[in-house]
Every structure is written in structure tokens, then in C-alpha cells.
Amino acid sequence: MRKRTYIILLLVVIAIFSTGCSAKPGTPIDPANGIWDKYFVYPLSITIDFFAKILFNNYGLAIIVTTILIRFLVLPLMITQIRSTKKMQDLQPEITKIREKYKDNAQKIQEETMKLFQKHNVNPLSGCLPIFIQMPILIAFYHAISRNAFIAEHDFLWVSLGTPDPYYIFPILAAITTYLQIKMTSTSVAATPQAAQQQKIMAVVMPAMILFIGISLPAALALYWVIGNIFSIAQTKLIYRTTK
């Protein structure tokens, strides 16, 4: 069941990437182009332009403000997922007992653990879902940046927002903060050894993928990811503290 869920999530991400990446970077942003431009790229682009005008034509600050705004919009969903993960962590003593009781029967361990999760209304994938949820926004940001001439022409700190970071600072920060976010929202004790291995793989694969994206694509995209991750890490700490 767990493997099947991961496969479904992967297929969803691939489908989103395929849909979002169909338009070429030079294509003008037009709501008439289809659902992707109308509901994702165009609103995001005009929002960045709006904040840039307010912030003295500084598109770097506009991207930061827009990122924080988006994080507040998806905050209720993120809170629900983080609390679900916190519940799962609270169940660790019972998970440990199940593993000790059925240590010679991996299938029984998984069955009893899933029953425990269902009893307490816990989603074992909640630690990974925040990363997947960000993917459509990441793609929309890519199009809003690469297809908005105003953003591509502006600089922020040491980088040109429309080109990759020449010093790889933002991509590295994006990878590090992604790793920290995954570690914070993952359980320290997994249901099975296989699940623990999957958690370790996710903690390596996702930061590596973000690093590759950050190196290959405009610096504005890596800037968005860094600010978003910092916001998510701060909110996770706050929610865990209030839950305790």
C-alpha cells in the first residue's frame, strides 16, 4: 500500500511537470493560453509585478513577499499535515511495541501499524506531502519568472534573477533547507525497516533534485524555494511548540 501511494504521488508530480513545462520560456503570459496560465502563471506574475511597483521596482523583494503570501494562503493545509505528523511521532512508543512483538513477521508489523494509524486518524505520508504540494507552485514560479521580461531583467543581491546563480549559493541553501524541512516533518521511528529506508531515501533525493533545479534554472526560483523553506521550518517549530 505504501509503495503504491508513493508511485501515485510520483505520477502526479510528473503529470504536473509535463503540463506546466509545455509552454516555452519565451511564450507571453496570457490567461487565454489555457488553465495553467489562467489559474497559476498569470495571477502569480501580476502579483509579483504589483509588489515590485510598491517596493521601488525591486523584483527580488517582490518575490520574497509573494512567497510569504503564498505560504500564508496554504498555511491551514500545512498545519493539518504537520499536526498529523506530530500525532504519528507521539505514537512511536506503540509502534516500537508492535515491532518488538512481531519482530519476525514484517507483514504483521505493517498491518498492525496501519491499524494504529487508522485508529488515531494519522496519515503516514504527511511528512512528505508538503514537499509535493509545493511542486505546482514551483513550476508556476518558473514560468512567471522566465516568461516575464521585467523579472528576467532585474538583479537582486549578487544574482540576475533571470539566470542561474553563478556562485550556487541560493541552490545550496535551497537544498539544505529542503533537507531540514524533511527531517523536521519525518518521524524518527518508522513503521517498518523498509519505511525507514524510504524516509532516508526521500531525505537525500528531494534535496538533490532541488539542488539540480536551482543550479539549472533562474536564481529567482531558488530564492523562492529558500524563503518558502525558511517560512515552513519556522511554522513547523511554532506548531510543534504550541502542540506540546
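The structure displayed is predicted, hence computed values, not measured ones. (Residues numbered from 1 in each chain as written. Predicted model: local features only at pLDDT ≥ 70, side-chain atom pairs only at ≥ 80, totals over all residues. Heavy atoms only, no water.)

1. Describing unusual backbone geometry
Part 1 of the reasoning: Even without a glycine there, the phi angle at Phe-56 is positive, about 60°.
Part 2 of the reasoning: Within the secondary structure layout, Phe-56 lies in the loop between helix H2 (35-54) and helix H3 (59-73).
Part 3 of the reasoning: Using a relative accessible area of 79% as the deciding quantity, one classes Phe-56 as exposed.
Part 4 of the reasoning: Backbone geometry at Leu-157 places phi at a positive 55°, although glycine is not the residue there.
Part 5 of the reasoning: Note that Leu-157 resides in the loop between strand E1 (155-156) and strand E2 (159-160). (Helix = DSSP H or I, 4+ residues; strand = E, 2+ residues; numbered from the N terminus. Buried < 20%, exposed > 50% of the residue type's maximum accessible area, 1.4 Å probe, protein only.)

2. Topic: the packing of aromatic side chains
Part 1 of the reasoning: Per the stated rule, a full pass over the model turns up four aromatic pairs.
Part 2 of the reasoning: Summarising the aromatic geometry, the rings of Phe-50 and Phe-51 are spaced 5.3 Å apart at their centres and angled 65° between planes, so their arrangement reads as edge-to-face.
Part 3 of the reasoning: On the accessibility criterion, Phe-50 (47% relative accessible area) is partly exposed.
Part 4 of the reasoning: Take Phe-51: its relative accessible area is 18%, and that puts it in the buried class.
Part 5 of the reasoning: With a centroid separation of 5.1 Å and 75° between ring planes, the pair formed by Phe-72 and Phe-231 is classed as edge-to-face. Linking Phe-72 in helix H3 with Phe-231 in helix H11 (residues 219-243), this pair joins segments that are 159 residues apart in sequence.
Part 6 of the reasoning: Looking at Phe-231, the relative accessible area reads 18%, which means it is buried. (Phe/Tyr/Trp six-rings, centres within 6.5 Å; stacked < 30°, edge-to-face > 60°.)

3. A look at the side chain of Thr-177
Part 1 of the reasoning: Locating Thr-177 in the fold gives a position in helix H9 (residues 169-184).
Part 2 of the reasoning: Among the residues examined, Thr-177 registers a relative accessible area of 10% and is labelled buried.
Part 3 of the reasoning: A distance of 2.8 Å separates the side chain of Thr-177 from the backbone oxygen of Leu-173, its partner in a polar contact.
Part 4 of the reasoning: In contact with Thr-177, not counting residues within four places along its chain, are Val-226, Asn-229, Ile-230 and Ile-233. (Polar contact = N/O pair within 3.5 Å; in protein donor to acceptor, adjacent residues only side chain to side chain. Contact = heavy atoms within 4.5 Å.)

4. Thoughts on the pattern of salt bridges
Part 1 of the reasoning: Inspection of every chain in the model, using the stated rule, returns three salt bridges.
Part 2 of the reasoning: Among the salt bridges present, the one from Glu-112 reaches Lys-108, with a minimum N-O distance of 3.2 Å. Of this pair, Glu-112 and Lys-108 are both found in helix H6 (residues 106-119), four residues apart, which corresponds to roughly one turn of the helix.
Part 3 of the reasoning: Here Glu-112 ties to Lys-115 by a salt bridge, and the two come within 3.7 Å at their closest N and O atoms. Taken as a pair, Glu-112 and Lys-115 lie in helix H6 at a separation of three residues, close to a single helical turn.
Part 4 of the reasoning: The exposed category is assigned to Lys-115, whose relative accessible area is 51%.
Part 5 of the reasoning: Taken together, the salt bridges that share partners define one network made up of Lys-108, Glu-112 and Lys-115. (Salt bridge = Lys/Arg side-chain N within 4 Å of Asp/Glu carboxyl O.)

5. Regarding the nonpolar core
Part 1 of the reasoning: Residues Ile-48, Ile-63, Phe-141, Leu-161 and Leu-223 are the most contacted members of the largest nonpolar core, which totals 42 residues.
Part 2 of the reasoning: Among the elements of the structure, H2, H3, helix H7 (129-146), H9, helix H10 (193-216) and H11 are those that each provide at least two residues to this core.
Part 3 of the reasoning: Counting eight residues, the second largest nonpolar core, distinct from the first, contains Ile-98, Ile-109, Phe-117 and Val-122. (Core = buried A, V, L, I, M, F, W, Y, C linked by side-chain atoms within 4.5 Å.)

6. Observations regarding the confidence of the model for the protein chain
Part 1 of the reasoning: Per-residue confidence for the protein chain averages 76 on the pLDDT scale, and 77% of its residues sit at or above 70.
Part 2 of the reasoning: H3 holds the highest mean pLDDT among the elements of the protein chain, 89, whereas helix H1 (residues 2-20) holds the lowest, 48.
Part 3 of the reasoning: A low-confidence stretch, residues 1-8 (pLDDT under 50), is modelled with twelve contacts involving residues beyond four sequence positions or located in other chains.
Part 4 of the reasoning: Within the model, pLDDT remains below 50 along residues 15-21, and this stretch shows ten contacts once partners closer than five positions in the same chain are excluded. (pLDDT = per-residue confidence, 0-100.)

7. Some words on the environment of Ile-151
Part 1 of the reasoning: With respect to the helices, strands and loops of the structure, Ile-151 is situated in helix H8 (residues 149-152).
Part 2 of the reasoning: Taking relative accessible area as the criterion, Ile-151 reaches 0% and is therefore assigned buried.
Part 3 of the reasoning: The sequence separation of Ile-151 and Tyr-59 amounts to 92 residues, and the corresponding C-alpha distance is 6.2 Å.

8. Concerning a nonpolar patch on the surface
Part 1 of the reasoning: Where nonpolar side chains cluster on the molecular surface, the patch consists of Tyr-168, Ile-172, Ile-176, Tyr-179, Leu-180 and Ile-215 and spans about 520 Å² of accessible area.
Part 2 of the reasoning: Broken down by element, the residue count for the nonpolar patch peaks at four residues, all from H9.
Part 3 of the reasoning: Mapped onto the secondary structure, Ile-172 falls in helix H9.
Part 4 of the reasoning: Accessibility expressed as a relative area gives 42% for Ile-172, which makes it partly exposed. (Patch = residues over 30% accessible without salt bridge, like charges linked within 9 Å, V, L, I, M, F, W, Y side chains within 5 Å. Areas by Shrake-Rupley, 256 points an atom, 1.4 Å probe, with all protein chains shown as cover.)

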